[in-house]
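Structural overview for review
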Amino acid sequence: MELVQMQKNLQDYTKSLFLEGILDSQFLQLQQLQDESNPDFVSQVVSLFFQDSDRILNDLSLSLDQQVVDFKKVDPHVHQLKGSSSSIGAQRVKNACVVFRSFCEQQNVEGCHRCLQQVKQEYYLVKNRLETLFKLEQQIVASGGMIPAMELGF
């Protein structure tokens, strides 16, 4: 595929992530921290987010499957996931965590189970979409191109 077309595809794909509410402006701020001295900064930060999130989601599943749910253990995990998703701009994950925390405050086990499924769904969606985004970027770089800067002016 022609380099210019790959760059346009990347821009269109990235734009769709914002229009669908999957990412917010925090992701753009993260991208602005990346430069020639650390060209993999964003993918490294996001990779750490994926590792932490996988662990947190597993811990949440185990906590909610207990006979008696200890909400003092559940809420900090949800809070941590909310913060880390917010820091990379994973808007829909963050929003699902906000709802999850309200069910924790109410000590609503059934609501927490539903929210955990919603958080997982949003998490796996953003993970899949960001992995695709990084693959598109890698193809452009491998073809000798530059990653076009993205702005929210759409």
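Residues numbered from 1 in each chain as written. Predicted model: local features only at pLDDT ≥ 70, side-chain atom pairs only at ≥ 80, totals over all residues. Heavy atoms only, no water.

**Notes on helix H2 (residues 25-32)**
Put simply, the rule is: Each residue gets one of three labels from its accessible area relative to the maximum for its type: buried under 20%, exposed over 50%, partly exposed in between, using a 1.4 Å probe on protein chains only. Elements are defined by DSSP. Helices are runs of H or I of four residues or more, strands are runs of E of two residues or more, and each kind is numbered from the N terminus. For this quantity, the arc is that covered by the directions from the helix axis to the C-beta atoms. Should any heavy atoms of two residues lie within 4.5 Å, those residues are considered in contact. For the purposes of these results, a polar contact is taken to be a pair of N or O atoms within 3.5 Å, where, inside protein, one atom must be able to donate a hydrogen and its partner to accept one; residues adjacent in sequence count only when each atom of the pair is a side-chain atom.
Burial in H2 covers these residues: Phe 27, Leu 28 and Leu 30. With its buried residues spanning 155° around the axis, H2 presents them on a single face. Contact partners of the buried residues in H2: helix H1 (3-19), helix H3 (41-64), helix H4 (71-88) and helix H6 (109-142). Its side-chain oxygen placed 3.0 Å from the backbone nitrogen of Gln 26, Asp 24 serves as the N-cap of H2.

**Looking at the environment of His 79**
On the secondary structure map, His 79 appears in helix H4. Residues His 79 and Cys 97, 18 residues apart in the sequence, show an inter-C-alpha distance of 7.4 Å.

**Focus on the nonpolar core**
Note the threshold: Residues enter a nonpolar core if they are buried and are Ala, Val, Leu, Ile, Met, Phe, Trp, Tyr or Cys, with the set joined through side-chain atoms within 4.5 Å.
Counting residues in hydrophobic clusters, the biggest one holds 43 residues, and the most contacted among them are Val 46, Phe 100 and Leu 130. It is H6 that contributes the most residues to this core, 11 residues altogether. Those residues within four positions of Phe 100 in sequence are excluded, and the remaining contacts are Leu 60, Leu 64, Val 74, Val 78, Cys 112, Cys 115, Leu 116 and Val 119.

**Comments concerning the packing of H2 against H3**
Heads up, the condition is: Angles shown run from 0 to 180 degrees and are taken between the N-to-C directions of axes, each axis being a line fitted to C-alpha atoms and, for helices, limited to the stretch in contact. We call two directions roughly parallel when the angle between them is under 35 degrees, roughly antiparallel when it is over 145, roughly perpendicular when it lies between 65 and 115, and oblique otherwise. Take the far helix as your reference; a near helix turned counterclockwise from it by less than a right angle gives a left-handed crossing, and one turned clockwise gives a right-handed crossing. Ten residue types, Ala, Val, Leu, Ile, Met, Phe, Trp, Tyr, Cys and Pro, are classed as nonpolar, four, Asp, Glu, Lys and Arg, as charged, and the remainder, Gly among them, as polar.
At their nearest, the axes of H2 and H3 sit 8 Å apart, and the two run at 130° to each other. Considering their axes alone, H2 and H3 lie oblique with respect to each other. Seen along the crossing, H2 lies across H3 with a hand that is right-handed. The residues of H3 that touch H2, namely those facing Phe 27, Leu 30 and Gln 31, are Phe 41, Val 42, Val 45 and Val 46. Class assignment for the residues of the contact of H2 with H3 results in 6 nonpolar, 1 polar and no charged.

**Looking at the UniProt feature "domain: HPt" (unreviewed entry) in the protein**
Quick note on the threshold: UniProt positions are given in the numbering used here, feature names are shortened, and annotations may be inferred rather than shown by experiment.
The UniProt entry lists residues 38-143 under the feature "domain: HPt" (unreviewed entry), expressed in the numbering used here. This span, residues 38-143, is 86% helix and 0% strand, and a straight line between its end C-alpha atoms measures 19 Å.

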